[in-house]
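Read off the chains here:
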Amino acid sequence: MKKIVALALALALVTLAGCGGGGKTSGDGDAKAVTFSLLSAPASLDPATTVDGHSLMVETQLFNMLVDSDGGNSAEIRPDIATDWTVSDDGLTYTFQLRDDVYFHNGKLLTAGDVVYTFERVMVEPYTSYLAVMIDSVEAPDDTTFVAHLSYPFADFLTMIGGIYFGICCEEAITSGDDFMYHPVGTGPYKLDGDYVPGQSFRFVYNEDYYGEAPDIRQIDFRIQPNTNTAVISLQNGEVDFVPALTVNDISTVEGDGNLALYQAPSYTIHYVCFNKTGEPFSIQAVREAVNYAINKQDLLDGALNGVGAIANAPLNSLQMGYNEEIPFNEYDLEKAKAKLAEAGYPDGFSCRLMVNSNNAVSMKIAQIMQNELAQINVNVEVEQLEKATWSDNLDNVNFEMALGTLNWADTNNMVTYLYHSQGTFNWDHVYSNPEMDSMIEEASRILDAEERTELYQNIVALGHEELPIICLLFPNEIVGANKNISGIEIVDNCYFPVWKWTLNQ
């Protein structure tokens, strides 16, 4: 059985630098430009109205947060729009002093009023409100002071507000009537050039009013390439410079090309099975347990990932607080699976649909292997391959029977909240509702002692495994490929690639 590598090694950022000739210049003389390949079009460029990874990856270039926590992935907090901050002794009041030289892309000076508007919006938007449940109120005593009042202490508050969901937006731009999803106005080092039309290529250019250090790369072109093979060919031909979601099958191709660089590191991304539990058969826990026993996760790791990655026993791995090695990793046992089906009243099995995102090559392979394995217990699976947008809509509307999903959160509390809390965003049908689980998740977010929090999160994932609202399958490695002339690329998270920190060596 293969598990995640040791914690100390896994936490190290993977940084590779290249040098040599090549690279591109933009239409503005000698300004440097790179082309970014995306497997799917961002659903929105508004950080408060999206959860898909490609939207978050793109929005990172447009918006700044009060503090810098590597996109919400690090407990090391650095100033950004806020120059400094204080926390009250009871942990309930955070007071931030803001820079007075921050301008939005439309030329408007940022004030604390915009920060208040952003936070209040996060507090009510359906996709983000769960993130702000600990916030009681926010206020702006003056133009350069922002205060957040919490209902209870929240250990990861500063890390959380350094994530893109709390990207500071221009109130005037949102209330003016323009569709902010497609006409975003932030303060980041890049701004949208022209219009964003979903499904079409688009461009970001350097924001001349940016208050931070000017980036080496002044232009980012984005191309939508749903097929990974096409993206890799484009990378080899020099048509794109960065592909953020390679498969294990692409490793040898990229490594064998002297003009390219491969980046690889353990990831927080979990592949899992979710169920529509609003009715039978999947409302019956014994049925879900039967599915779990029928899946050989080692087969999934070898067949879908060529052995590159790790088997998941829970949504948390050794990179994260709450990792629990006591939970079994692979419970493959066909006799137990058949017994559980009989216990549930399905001794002859049943037929069902397994919905899968056809844009995700790993999910597609997992689906094929699962289909064959479940057939051994007379569960006849029809694999329903859907384009990402339709797959996502069906999840939102609980229009599925069984589905393969993915989720990436470095933050432990977000990961377990999304999946296990009764109001969790990825607890799609909200049928799974255990007051004990909700209470533990909420309590863990308030505890400041690391050992106590770790133990509580271990109990949370143990309860999740016992009740099995989802089946955790695999953690693939994060694999990206790039033009070797780009240096400074780091794998921190699959949605966080800050181009403004990169250098294009020409």
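Residues numbered from 1 in each chain as written. Predicted model: local features only at pLDDT ≥ 70, side-chain atom pairs only at ≥ 80, totals over all residues. Heavy atoms only, no water.

### So, the overall build of the protein chain
Consideration 1: Looking only at helices and strands, the protein chain has 15 helices and 23 strands in total.
Consideration 2: The dimensions of the protein chain, computed from C-alpha atoms along their principal axes, are 70 × 55 × 45 Å.
Consideration 3: By the burial criterion, 58% of the 506 residues in the protein chain qualify as buried.
Consideration 4: Contacts spanning at least 24 positions in sequence make up 71% of the contacts within the protein chain whose residues lie at least 6 apart.
Consideration 5: Roughly 19,200 Å² of accessible area belongs to the protein chain as shown, and the carbon and sulfur atoms make up 45% of that amount. (Helix = DSSP H or I, 4+ residues; strand = E, 2+ residues; numbered from the N terminus. Buried < 20%, exposed > 50% of the residue type's maximum accessible area, 1.4 Å probe, protein only. Contact = heavy atoms within 4.5 Å. Areas by Shrake-Rupley, 256 points an atom, 1.4 Å probe, with all protein chains shown as cover.)

### Overview of the pairing of strand β18 (residues 379–386)
Consideration 1: Pairing geometry for strand β17 (residues 350–357) and β18, over 8 bridges, is parallel. The residue of β18 that forms the bridge with Arg-353 is Glu-382.
Consideration 2: In the classification by handedness, the crossover that spans β17, the intervening helix α11 (residues 361–375) and the parallel β18 is right-handed. (Pairing = 2+ DSSP bridges. Right-handed = clockwise from strand over helix to strand, strands pointing away.)

### Let's talk about the sheet that holds strand β8 (residues 135–142)
Consideration 1: Read from one edge of the open sheet, 4 strands run β6-β7-β9-β8, paired in antiparallel fashion. Unpaired on one side and paired on the other, β6 (82–87) and β8 mark the two borders of the sheet. Here the strands of the sheet are splayed against their neighbours by 20 degrees on average, with no regard to which way each runs.
Consideration 2: Taken together, the 5 bridges between β6 and strand β7 (residues 93–98) define a ladder with antiparallel strand orientation. Counted as the bridge partner of Trp-85 is Phe-96 from β7.
Consideration 3: Its contacts with the sheet place helix α3 (residues 112–124) against β7, β8 and β9 (145–150), and it is angled at close to 170 degrees to β8. (Axes fitted to C-alpha atoms, helices over the stretch in contact; angles between N-to-C directions.)

### A closer look at the packing of helix α8 (residues 285–294) against helix α15 (residues 450–467)
Consideration 1: Running from N to C, α8 and α15 cross one another at 100 degrees; their axes reach a closest spacing of 9 Å. As judged from the angle between their axes, α8 and α15 are roughly perpendicular. Judged by residue contacts, Gln-285, Arg-288, Glu-289 and Asn-292 of α8 engage His-465, Glu-466 and Glu-467 from α15.
Consideration 2: Per-class residue counts for the contact of α8 with α15 are no nonpolar, 3 polar and 4 charged. (Parallel < 35°, antiparallel > 145°, perpendicular 65-115°, else oblique. Nonpolar A, V, L, I, M, F, W, Y, C, P; charged D, E, K, R; others polar.)

### Section: the pairing of strand β11 (residues 202–206)
Consideration 1: Within β11, 4 of the 5 residues are buried, which leaves it mostly tucked inside the rest of the structure.
Consideration 2: Sheet topology note: the strand β10 (residues 190–192)/β11 ladder contains 3 bridges and is antiparallel. Among the inter-strand pairings, Leu-192 is bridged to a residue of β11, identified as Phe-204.
Consideration 3: Both β11 and strand β12 (residues 217–224) contribute to a ladder of 4 bridges, which runs antiparallel. Along β12, the bridge assignment pairs Phe-202 with Phe-222.

### Focus on the packing of α8 against helix α10 (residues 334–343)
Consideration 1: Interhelical geometry of α8 versus α10 gives an angle of 165 degrees and a closest axis separation of 8 Å. Between α8 and α10, the angle is such that the two are roughly antiparallel. Relative to α10, the crossing made by α8 is left-handed. For the pair formed by α8 and α10, the contact residues are Ala-286, Glu-289, Ala-290, Tyr-293 and Ala-294 on the first element and Leu-334, Lys-336, Ala-337, Lys-340, Leu-341 and Glu-343 on the second. (Left-handed = near helix turned anticlockwise from the far one by under 90°.)

### What about the state of the cysteines?
Consideration 1: Overall, the coordinates contain 0 disulfides when judged by the stated rule.
Consideration 2: Summary of cysteine pairing: Cys-169 is not part of a disulfide, and the nearest cysteine sulfur, belonging to Cys-170, is at 8.7 Å.
Consideration 3: Taking the relative accessible area as the measure of exposure, Cys-169 reaches 3% and is therefore buried.
Consideration 4: Of all cysteine sulfurs, the one in Cys-274 lies closest to Cys-472, which takes part in no disulfide; the gap is 11 Å. (Disulfide = S-S within 2.5 Å.)

### Looking at the environment of Ile-284
Consideration 1: Summarising the element assignment, Ile-284 is placed in the loop between β15 (269–275) and α8.
Consideration 2: Counting along the chain gives 147 residues from Ile-284 to Val-431, while the straight-line C-alpha distance between them is 11 Å.

### With respect to the environment of Phe-154
Consideration 1: Structurally, Phe-154 is set in the loop between β9 and α4 (157–161).
Consideration 2: Between the C-alpha atom of Phe-154 and that of Glu-443, which follows or precedes it by 289 residues, the distance is 9.5 Å.

### Overview of α11
Consideration 1: The terminal C-alpha atoms of α11 lie 22 Å apart, and with 15 residues this matches the ideal 21 Å at 1.5 Å per residue to within 8%.
Consideration 2: Those residues of α11 that fall on the buried side of the exposure criterion are Val-362, Ser-363, Met-364, Ile-366, Ala-367, Ile-369, Met-370, Glu-373 and Leu-374. (Expected span 1.5 Å × (residues − 1).)

### Side note on α3
Since the α-helix advances by 3.6 residues per turn, residues separated by three or four positions end up pointing in the same direction.
Consideration 1: Between the first and last C-alpha of α3 there are 19 Å, a value that for 13 residues agrees with the 18 Å anticipated at 1.5 Å per step.
Consideration 2: Turning to α3, its buried residues number three or more, namely Ala-112, Asp-114, Val-115, Val-116, Tyr-117, Thr-118, Phe-119, Arg-121 and Val-122.
Consideration 3: Close packing links the buried residues of α3 with β7, β8, β9, α4 and α5 (171–175).

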